[in-house]
Amino acid sequence: MASPLRIAVLVSGRGSNLQALIDAGRAGTLAVETVLVASDRPQAEALPRAAAAGIATFALERAGFPDRRAFDEALFAEVAAHAPDLVVLAGFMRVLGAAAVTRWHGRMINIHPSLLPAYRGLDTHARALAAGEAAHGASVHFVTTELDGGPVIAQARIAILPGDTPDRVAARLLPEEHRLLVATIGLIAAGRITLAGERVQFDGASLAAPLVLRPDGSLATGA
Ligand code: GRF
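Once a new chain begins, its residue numbering starts again from 1 and follows that chain's sequence as written. Local features in a predicted model are, by the rule used here, given only for residues with pLDDT of at least 70; side-chain atom pairs are given and counted only at 80 or more, and totals for whole chains, interfaces and linings are based on all residues. Excluded from the side-chain calculations are hydrogens and water; all other atoms, namely the structure's heavy atoms, are used.

Trainee: Any chance you could break down the pattern of salt bridges for me, citing the residues and the numbers?
Mentor: Salt bridge criterion: a side-chain nitrogen from Lys or Arg within 4 Å of a carboxyl oxygen from Asp or Glu. Under the defined criterion, the tally for this structure stands at eight salt bridges. A salt bridge links D40 to R94; its shortest N-O distance comes to 3.2 Å. Of this pair, D40 sits in the loop between strand 2 (32–39) and helix 2 (46–52) while R94 is found in the loop between strand 4 (86–89) and helix 4 (98–103), placing the two residues 54 residues apart along the sequence. Measuring nitrogen to oxygen at the nearest pair gives 3.5 Å for the salt bridge that ties R69 to E73. With a gap of four residues between them, R69 and E73 both fall in helix 3 (residues 68–81), about one helical turn apart. If you follow the salt bridges from partner to partner, you end up with D164, R168 and R172 in one network. Only DSSP runs of H or I with at least four residues qualify as helices, and only runs of E with at least two residues qualify as strands; both kinds are numbered from the N terminus onward.

Trainee: Before we move on, can you summarise the site of the ligand with the specific residues and values?
Mentor: One heavy atom within 4 Å of a molecule or strand is enough for the residue carrying it to be called near that molecule or strand. By nearness alone, every residue bordering the ligand is listed as R14, G15, S16, N17, G91, I111, P113 and E177. Identification of polar contacts relies on pairs of N or O atoms within 3.5 Å, with a donor-acceptor requirement for protein atoms, meaning one able to donate a hydrogen and the other able to accept it, and with residues adjacent in sequence counted only if both atoms are side-chain atoms. Separating an oxygen atom of the ligand from a backbone N or O atom of G15 is a distance of 2.8 Å. Every accessible area reported is derived by Shrake-Rupley at a probe size of 1.4 Å, with residue values counting cover from the shown protein chains alone. Contact with the protein chains removes 86% of the 370 Å² of surface that the ligand exposes when unbound. Residues are grouped as follows: Ala, Val, Leu, Ile, Met, Phe, Trp, Tyr, Cys and Pro are nonpolar; Asp, Glu, Lys and Arg are charged; every other residue, Gly included, is polar. Counted by class, the shell around the ligand contains two nonpolar, four polar and two charged residues.

Trainee: For the packing of helix 1 (residues 16–27) against helix 6 (residues 166–189), give the residues involved together with the corresponding values.
Mentor: The geometry of a pair of packed helices is captured by two quantities: the angle between their axes and the separation between those axes. Here helix 1 crosses helix 6 at 50°, and the two axes come no closer than 9 Å. Relative to helix 6, the element helix 1 is oriented oblique. The interaxial crossing formed by helix 1 with helix 6 has right-handed handedness. Along its contact with helix 1, which presents S16, N17, A20, L21 and A24, the element helix 6 presents L174, E177, H178, L181, V182 and I185. Along the lines of polarity and charge, the residues of the contact of helix 1 with helix 6 split into seven nonpolar, three polar and one charged. For helices, the fitted axis covers only the stretch in contact; all axes are lines through C-alpha atoms, and the angles between them, taken along N-to-C directions, range from 0 to 180 degrees. Note on terminology: angles under 35 degrees are roughly parallel, angles over 145 are roughly antiparallel, angles of 65 to 115 are roughly perpendicular, and the others are oblique. Two helices crossing with the near one rotated counterclockwise from the far one by less than a right angle form a left-handed crossing, whereas a clockwise rotation gives a right-handed crossing. Here, two residues are considered to be in contact whenever any of their heavy atoms come within 4.5 Å of each other.

Trainee: So what about the sheet that holds strand 1 (residues 5–11)? Which residues, and what values?
Mentor: In short, DSSP must find at least two bridges between two strands for them to pair. Read from one edge of the open sheet, nine strands run 3-2-1-4-5-6-7-11-12, paired in mixed fashion. Here the strands that pair on one side only, and so sit at the sheet edges, are strand 3 (57–59) and strand 12 (219–220). Sheet analysis places strand 2 next to strand 3, joined by three bridges and oriented parallel. Residue pairing across strands places A38 opposite F58, the latter belonging to strand 3.

Okay, structure coming up:
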């Protein structure tokens, strides 16, 4: 059997996406080894989750560094020391500088709570509701220097319902995010998803549109 994909997970808060990865690894549905969980917030709830699972943790605060580049260098020195195959931004709320992003090109993904390219940035649920959208969702994309603008690998979609609030949308979307992130990393671990330049490759061919999360938790091409 091939050795599991080594992942480092970067977090800033609650860590429910991290927990989904830990749980899938334990259940044997995701062949990854989480070699590090790193945070820009020492108080992030994600860190005790990682520690409870026996995963190495690391925290550093931006305020301790003169500029973003110095912060990124310290963070990614620790990441690199654990030799991950893939860096996963799972609720990591800090913008990374070009040097770090370029160095990890094709080896760093982010989960973002919108159907990219719509609603990059913050407050995605409130903005989707205010715009009267009928559908909303989450995306996993390769990280590039453009914030939330890298090539999208896969998406999970939910309907917006009458009476929805940002909190209700978030609560309904979160379990889909978890399934989306697990399924996407599963394909990367299986060697089926790669990045060539700015194009996502799926089973060796350029992906024309993001993969879509199906009710059974698998990812498929087309709507
Ligand atoms: C998720 O909604 C994710 O899409 C966004 O931040 C949130 C993180 O949640 N980037 P958690 O920390 O994984 O619970």
